[in-house]
Amino acid sequence: MDPRLFVYSGIGLIAGIVLFIKGFLWLRQKRIIENIPTSKIRSLAMGLVEIHGDVVPFKEVLTGPFSKKECVYYYYTIKEYRRSGKNSKWVTIKYGEQSTPFLLKDNTASVLVDPTGAKVDAPITTQYESGAMRDPPTAIRNFLTQQNLAFESFFGINKKMQFSEYSIIPSTTLYILGTAGDNPHMEETTAIKGVEDVMIQRGNNDKTYFISTKNEHQILCTLRWKVIGGIGGGFIVAMGSLIVMLIYFGLF
């Protein structure tokens, strides 16, 4: 039997186990979302909370590197299409993320949110692909210059590149699952309303911090399929790979 089959089976076994474990992590996240009721901001209690509301700038806003739109969070990637022999693939050559505290407002009040450490699910706001006879827009060219990156090859021909920006702009409706804790930007004696001394953040002992532009139903639907694919698919891949390995050693 081809030794490469044993190697591929070993890789499949590891991948299956990892996917199986991730399935249970997704299941845990799904159950947390299902078990925590949505809170109105005016009546927030300290601890893990689930809230919905619209984004309002706090003290400052950011500017998306490609879109040049005002936002409170952005994540970008720059990919280059590379060939090696008969193979070709997209390679990420640069990525970055930046966020700033913002307010989330519902029909009762607003609360400060520090997105640091959160898993952010933001929509794509700008995507552009450059190539032969197609230059990147001015904003992207300026950004590449600042980052000392070239969009042209040694011969002056445009490289095939892809620029993507994901961001959260003001007025966007968000779903947030995070920890309501003390607001370090507000002195205890100056808070007029109790919620003014609260900030949504990542908890010290809890890694559950999720920000999304999707609603709760959409998030749960996505997690449901991830759980099925992770636990079920991971089990099938791992067991299939293990059987192949046992056959290879003549034990099955």
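For clarity, every value in this text was computed on a predicted model and none was experimentally measured.

Draft legend 1. Helix H3 (residues 216-248), seen in detail. Under the 1.5 Å per step criterion, the end-to-end length of H3 is 47 Å for 33 residues, consistent within 8% with the ideal 48 Å. Residue Asn215 occupies the N-cap position of H3, its side-chain oxygen lying 3.2 Å from the main-chain nitrogen of His217. Positive backbone phi, approximately 70°, marks Gly250, located one or two places after H3.

Draft legend 2. Summary view of unusual backbone geometry. In this structure, Lys68 is a non-glycine residue whose phi angle is positive, near 65°. Looking at the element boundaries, Lys68 is found in the loop between strand E2 (62-63) and strand E3 (70-71). Even without being a glycine, Asn148 presents a positive backbone phi close to 60°.

Draft legend 3. Representation of the environment of Glu34 within the structure. Position of Glu34 among the secondary structure elements: in helix H1 (residues 3-35). Sequence spacing of Glu34 and Thr92 is 58 residues, and the spatial spacing of their C-alpha atoms is 35 Å.

Draft legend 4. Spatial organisation of the pattern of salt bridges. For the coordinates displayed, the defined rule picks out three salt bridges. Here Lys30 makes a salt bridge to Glu34, at a shortest N to O gap of 2.8 Å. In this pair, Lys30 and Glu34 both sit in helix H1, four residues apart, roughly one turn of the helix.

Draft legend 5. Local environment of the nonpolar core. Core analysis: the largest hydrophobic core is formed by 24 residues, its most contacted members being Leu44, Leu104, Val111, Ile168, Ile176, Ile200 and Ile211. At the level of secondary structure, the elements contributing two or more residues to this core comprise strand E1 (47-57), strand E6 (102-105), strand E7 (110-113), strand E11 (173-182) and strand E12 (198-201). If we ignore the near neighbours within four places in the chain, the residues touching Ile200 are Leu44, Val49, Ile51, Val111, Leu112, Val113, Asp114, Ile176, Gly178, Thr179, Ala180 and Tyr209.

Draft legend 6. Highlighting the sheet that holds strand E10 (residues 161-168). If you walk across this open sheet you meet the four strands as E5-E4-E10-E9, and the pairing is antiparallel. Strands with a single pairing partner mark the edges of an open sheet, and in this sheet they are strand E5 (87-99) and strand E9 (124-130). For this sheet, the mean inter-axis angle between neighbouring strands, taken without regard to orientation, is 15°. Direction of pairing for strand E4 (residues 73-84) relative to E10: antiparallel, over a ladder of eight bridges. By the bridge assignment for E10, Tyr74 is matched with Ser167. Strands E4, E9 and E10 of the sheet are contacted by helix H2 (residues 138-146), whose axis makes an angle of about 80° with E4.

Definitions and limits used
Residues take numbers from 1 onward in each chain, read along the sequence in its written order. Reporting of local features is limited, given that this is a predicted model, to residues whose pLDDT is at least 70; pairs of side-chain atoms are given and counted only at 80 or more, and all residues count toward the totals for whole chains, interfaces and linings. To obtain the side-chain values, all non-hydrogen atoms of the structure were used and water was disregarded. To qualify as a helix, a DSSP run of H or I must reach at least 4 residues; to qualify as a strand, a run of E must reach at least 2; elements of each kind are numbered from the N terminus. Here, expected helix span is obtained from the residue count minus one, scaled by 1.5 Å. Think of a polar contact as two N or O atoms within 3.5 Å of one another; within protein, one of them needs to be a possible hydrogen donor and the other a possible acceptor, and neighboring residues in sequence only count if both atoms come from side chains. By definition here, a salt bridge exists when the distance from a side-chain nitrogen of Lys or Arg to a carboxyl oxygen of Asp or Glu is within 4 Å. In this text, buried Ala, Val, Leu, Ile, Met, Phe, Trp, Tyr and Cys residues form a nonpolar core when linked through side-chain atoms within 4.5 Å. Relative accessible area decides the class of each residue, using a 1.4 Å probe on protein chains only: under 20% of the type maximum gives buried, over 50% gives exposed, and in between gives partly exposed. Only heavy atoms enter the contact rule, under which two residues are in contact if any of them lie within 4.5 Å. The rule for pairing is simple: two strands pair if DSSP sees at least two bridges between them. Comment: axis = line fitted to C-alpha atoms, over the contacting stretch for helices; angle = value between 0 and 180 degrees taken between N-to-C directions.

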